[in-house]
Amino acid sequence: MADPEIDRIREILAANPRPAALAERRERLDMLGRTSNLPPDIRVEPADANGFAAEWTMSPEADPSRVMLFLHGGGYVSGSLLSHRAMVAEAGRQAKLRTFALAYRLAPENPFPAALEDAVTGFRFLVASGIDPSRIVVAGDSAGGGMTIAMMIMLREAGEALPGCAWCISPWVDLEMTGISMSTKAATDPMIQKPYLEELTGQYLNGTDASNQLASPLYANLRGLPPLLIQCGSAETLLDDSLRLSAAAAEVDVRTTLEVYPDMIHVWPLFHQHVAAGQRALVSAGDFIRAALG
């Protein structure tokens, strides 16, 4: 049975189609994020992560010793602290920790690997600030989910400590876009389609091969990564990215939890105040993170 709440989101998206100009596209994603309001008991504090803008959010229940580093989605070309603030704050409430969202550099002004380098900088900033790496969860949606996996690979290859766990929402991990759901789910996901993703890939990679393991971490060796939660919707074009990422992680003994939410579209928790399945996903993520971080 179709979910009437996500169908209402489909109507909103259809009434606000993606514009052609980059500035307007960025503004549109911020607008979609503002469909959920920040609760009055959430405290927001701006921060500087070694030269990059960031912000803390804290609920009254937050344990200051535990932190979520959040990497927003937006196809590497859009998304902001504003677009994901309400969702990130609610995830922090459910996990009972502080969140630290990073405003990494965007393409096409700053192509690959700028965003990924900024993500690693954000993690190192938290560790240098005295946060135990085992008490950090790295999280992200869509492009931010792919970057979550890629940054852990970079940290592992550098011999550095890894976070205690990771959480990916609708991760984009195959920039070659070979997943079958790119076509089989094209009619059900109003958020992203293959032609748009191809445009984003060109802007972000700027000539880098799409099979590069730090651009498409689906093709990387995932051995040694911390416990991983992957959440996706059954109606999204990136469904196959999540399914294949889960399989690749399990194949090399990474403790992996995969949750597929029926009828949900790409990054549906962004609309958690209007879609009950979005709130359920954030509650489940909170449970996973609390258990993984101890």
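Just so it is clear, the model here is predicted, and its values are computed rather than measured. Numbers given to residues run from 1 along each chain, matching the order in which its sequence is written. The predicted origin of the model limits local features to residues at a pLDDT of at least 70 and limits the giving and counting of side-chain atom pairs to 80 or more, whereas totals for whole chains, interfaces and linings rest on all residues. Computation of side-chain values covers all heavy atoms of the structure but excludes hydrogens and water.

## Quick word on the sheet that holds strand S5 (residues 136-141)
- Read across the open sheet, the eight strands follow the order S1-S2-S4-S3-S5-S6-S7-S8; overall the sheet is mixed. Unpaired on one side and paired on the other, strand S1 (43-49) and strand S8 (256-261) mark the two borders of the sheet. If you compare each strand with its neighbour and ignore which way they point, the axes differ by 20 degrees on average.
- Note on pairing: two strands pair once DSSP finds at least 2 bridges between them. Here a helix means four or more residues in a row that DSSP labels H or I, a strand means two or more in a row labelled E, and each is numbered from the N terminus. Bridge count for strand S7 (residues 228-233) against S8 is six bridges, and the pairing is parallel. The partner of leucine 228 across the bridge, within S8, is threonine 256.
- Note on contacts: a residue pair qualifies if any of its non-hydrogen atoms lie within 4.5 Å across the two residues. Angles here are taken between N-to-C directions and fall from 0 to 180 degrees, while the axes themselves are lines fitted to C-alpha atoms, restricted in helices to the stretch in contact. Docked against the sheet, helix H3 (residues 81-95) engages S1, strand S2 (52-58), strand S3 (63-71), strand S4 (97-102), S5 and strand S6 (165-169), running at close to 160 degrees with respect to S4.
- Packed on one face of the sheet, helix H4 (residues 114-128) meets S1, S2, S3, S4 and S5 and runs near 175 degrees to S3.

## Topic: the nonpolar core
- Ranked by internal contacts, the top residues of the largest apolar core, which has 62 residues, are Leu69, Phe100, Ile149, Met151, Trp172 and Leu222.
- Take this core: its biggest share by element is eight residues, from helix H5 (residues 143-157).
- Beyond its immediate stretch of four places on either side in the chain, isoleucine 149 contacts Cys168, Pro217, Leu222, Leu225, Leu228 and Leu245.
- Within this scheme, the nonpolar core is defined by two criteria: the residues are buried Ala, Val, Leu, Ile, Met, Phe, Trp, Tyr or Cys, and they are joined through side-chain atoms within 4.5 Å. Three labels apply to residues, based on accessible area from a 1.4 Å probe with only protein chains included: buried if under 20% of the type maximum, exposed if over 50%, partly exposed otherwise in between. Of all hydrophobic cores here, the second largest spans 34 residues; its members include Met87, Ala139, Val267 and Leu282.

## Regarding the pattern of salt bridges
- Between Lys or Arg on one side and Asp or Glu on the other, a salt bridge is scored when a side-chain nitrogen of the former is within 4 Å of a carboxyl oxygen of the latter. Tallied over the entire structure, the rule returns 21 salt bridges.
- A salt bridge links arginine 156 to glutamate 157; the shortest N-O distance between them is 3.0 Å.
- Through salt bridges with shared partners, one network takes in Asp41, Glu61, Glu90 and Arg93.

## Some thoughts on the environment of aspartate 30
- By the element assignment, aspartate 30 lies in helix H2 (residues 22-33).
- Separated by 57 residues in the primary sequence, aspartate 30 and methionine 87 place their C-alpha atoms 12 Å from one another.
- Contacts of aspartate 30, omitting those with residues within four sequence positions, involve Ser80, Leu82 and Ser83.
- N or O atoms within 3.5 Å of each other form a polar contact, as long as, within protein, one can give a hydrogen and the other can take it, and as long as residues adjacent in sequence are counted only when both atoms are side-chain atoms. A polar contact is formed between the side chain of aspartate 30 and the side chain of serine 80, at a distance of 2.6 Å.

## Description of the pairing of S1
- Direction of pairing for S1 relative to S2: antiparallel, over a ladder of seven bridges. The residue bridging glutamate 45 from the neighbouring strand is tryptophan 56, located in S2.
- What sits between S1 and S2 in their antiparallel hairpin is a turn of two residues, with asparagine 50 showing a positive phi close to 55 degrees.

## Quick notes on H3
- Here the bend at a residue means the angle between the axes of two seven-residue stretches, the one that ends at it and the one that starts at it. Taking the largest bend as the criterion, H3 deviates by roughly 30 degrees, centred on methionine 87.
- With a side-chain oxygen positioned 3.2 Å from the backbone nitrogen of leucine 82, the residue opening H3 is serine 80.
- Looking one or two residues beyond H3, the residue adopting positive phi is lysine 96, at roughly 60 degrees.

## So, the pairing of S3
- Here S3 pairs with S4 via six bridges, running parallel. Note on S4: the bridge partner recorded for methionine 68 is threonine 99.
- For the handedness criterion, the strands are oriented away from the viewer, and a crossover whose path from the first strand over the helix to the second runs clockwise is classed as right-handed. Where the polypeptide runs from S3 across H3 and back to S4, its parallel neighbour, the crossover connection is right-handed.
- As defined by bridge partners, S3 adjoins S5 across five bridges and the pair is classed as parallel. Bridge pairing links leucine 71 to glycine 140 in S5.

## Notes on the environment of glutamine 273
- Along the chain, glutamine 273 turns up in the loop between S8 and helix H9 (276-293).
- In this structure the C-alpha to C-alpha distance between glutamine 273 and isoleucine 12, which are 261 residues apart in sequence, comes to 14 Å.
- Setting aside anything within four residues of it in sequence, one finds glutamine 273 in contact with Thr35, Ser36 and Asn37.
- Within polar-contact distance, the side chain of glutamine 273 engages the backbone oxygen of asparagine 37 at 2.6 Å.

## Some words on the packing of H4 against H5
- Contact geometry for H4 and H5: axes closest at 9 Å, N-to-C directions at 65 degrees. In this view, H4 runs roughly perpendicular relative to H5, as classed from their interaxial angle. With respect to the hand of their crossing, H4 and H5 are arranged in right-handed fashion. For the pair H4 and H5, the contacting residues are Ala115, Leu116, Ala119, Val120, Phe123 and Arg124 in the first and Met147, Ala150, Met151, Met154 and Leu155 in the second.
- Residue polarity follows a fixed list, in which Ala, Val, Leu, Ile, Met, Phe, Trp, Tyr, Cys and Pro are nonpolar, Asp, Glu, Lys and Arg are charged, and the others, Gly among them, are polar. For the contact of H4 with H5, the class distribution of residues is ten nonpolar, no polar and one charged. Should an angle lie under 35 degrees it is considered roughly parallel, over 145 roughly antiparallel, and from 65 to 115 roughly perpendicular; all remaining angles are considered oblique. Each helix crossing is assigned a hand: it is left-handed if the near helix lies turned anticlockwise from the far helix by less than a right angle, otherwise right-handed if that turn is clockwise.

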